[in-house]
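Structural characterization, general
The chain contents come next:
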Amino acid sequence: MTKILPSLLSADFLTLQDEITALEKAGVDGLHFDVMDGQFVPNISIGFPILEAVRRGTTLPIDVHLMVANPEAYIDEFCEKGADKVSVHVEATPHIHRALQKIHAHGKEAGVVLNPGTTIEAIRPVLADVDFVLVMSVNPGFGGQAFIPSSLDKIRALKALREEQGLAFRIEVDGGVNAETAQQVVDAGADWLVAGSYFFNQEDYAQAVQTLKGEA
């Protein structure tokens, strides 16, 4: 079943608790939490204090996406502050296996992330060690970008590889997910959809969930 994870970075931070309550009522499956450091990506976003506040405000799973250089330095604290899932870019560290081990040591789900220009070969050695693979279908750093169509080929290839090797990782997709692209992504093999700008621009969040799941 397709799961929908709205990206909190696109929410109204002035009324964040109200937004979270509305998302819960809308039936979302979790919250996506984007962390940017201004080094690995050209933007700066949210960190530990906001995560702690969000954790106090919901029982929904929190999916922390680390778009940071030297992610190993921050994994422990993000896990301790309330993350349920943590994903790390393979491009951000020469020690991706160690980073995944650190996440699992906290009892959290560990994911590896692929930028649009990074091939699946870069993560093949750790596919048996991850709970999910996050495919970036835009270049990370900013919301509101257009979906990169070649991402569909990457999703299909990951799905085929998962079946061939009998692996159990889920496929998550982040970037340009909207009413037009969601079904294409799901048909290609995605399990989880992250939606930011599109989702929070909708007046009816429950309707947005249904649309992205193909139930509307």
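Residues numbered from 1 in each chain as written. Predicted model: local features only at pLDDT ≥ 70, side-chain atom pairs only at ≥ 80, totals over all residues. Heavy atoms only, no water.

An unreviewed UniProt entry annotates the chain as Ribulose-phosphate 3-epimerase of Staphylococcus rostri. Listed under Function (unreviewed entry) in UniProt, the entry text for the chain is "Catalyzes the reversible epimerization of D-ribulose 5-phosphate to D-xylulose 5-phosphate." UniProt lists a comment for the chain under the heading Catalytic activity (unreviewed entry), and it reads "D-ribulose 5-phosphate = D-xylulose 5-phosphate". (UniProt positions renumbered as here; feature names shortened; annotations may be inferred.)

Attention shifts here to the UniProt feature "binding site: substrate" (unreviewed entry) in the chain. UniProt tags Ser7, His65, Gly141, Phe142, Gly143, Gly144, Asp174, Gly175, Gly176, Gly196 and Ser197 as "binding site: substrate" (unreviewed entry). Along the chain, Ser197 falls in helix α7 (residues 197-200). Owing to a relative accessible area of 28%, Ser197 belongs among the partly exposed residues under this scheme. (Helix = DSSP H or I, 4+ residues; strand = E, 2+ residues; numbered from the N terminus. Buried < 20%, exposed > 50% of the residue type's maximum accessible area, 1.4 Å probe, protein only.)

Looking now at the sheet that holds strand β7 (residues 170-174). Pairing is parallel in the open sheet, where 8 strands are placed in the order β1-β8-β7-β6-β5-β4-β3-β2. Lying at the two open borders of the sheet, with one neighbouring strand each, are β1 (3-6) and β2 (31-36). Direction aside, the axes of adjacent strands within the sheet are offset by 25° on average. Sheet contacts for helix α5 (residues 151-165): β5 (109-114), β6 (132-136) and β7; angle to β7, the most-contacted strand, approximately 170°. (Pairing = 2+ DSSP bridges. Axes fitted to C-alpha atoms, helices over the stretch in contact; angles between N-to-C directions. Contact = heavy atoms within 4.5 Å.)

The topology assignment puts Glu172 in strand β7. Summary of buried charges: Glu172 has no salt-bridge partner, and the nearest side chain of opposite charge, Lys85, is 6.2 Å away. Setting aside chain neighbours within four positions, we find Glu172 in contact with Leu5, His32, Asp63, Phe132, Val133, Leu134, Val135, Trp192 and Val194. (Lys, Arg positive; Asp, Glu negative; His and termini not counted. Salt bridge = Lys/Arg side-chain N within 4 Å of Asp/Glu carboxyl O.)

On the UniProt side, "binding site: a divalent metal cation" (unreviewed entry) is annotated at positions that read His32, Asp34, His65 and Asp174 here. Spanning 143 residues, the named residues form one tight spatial group whose C-alpha atoms are at most 10.6 Å apart. In this structure, His32 sits in strand β2. With residues near it in sequence (within four places) discarded, His32 still touches Leu5, Pro6, Ser7, Leu8, Asp63, His65, Leu134, Glu172, Asp174 and Val194. Reaching out from His32, the side chain makes a polar contact with the side chain of Asp34 at a distance of 3.0 Å. Within the secondary structure, His65 is located in strand β3 (residues 62-67). Those residues in contact with His65, other than ones at most four positions away along the chain, are His32, Phe33, Asp34, Val35, Ser87, His89, Val113, Leu134, Met136 and Asp174. (Polar contact = N/O pair within 3.5 Å; in protein donor to acceptor, adjacent residues only side chain to side chain.)

A few words on unusual backbone geometry. Residues other than glycine seldom take positive phi values, yet Asn70 does so here, at roughly 50°. Among the structural elements, Asn70 can be located in the loop between β3 and α3 (72-81). Look at Asn70 and you get partly exposed, because its relative accessible area is 46%.

Burial within β3 is extensive, with 6 of its 6 residues counted as buried. Neither face of β3 is exposed, since Ile62, Val64 and Leu66 on one face and Asp63, His65 and Met67 on the opposite face are all buried. In this structure, β2 lies alongside β3, joined through 6 bridges in parallel fashion. Bridging across to β3, Met36 finds its partner in Met67.

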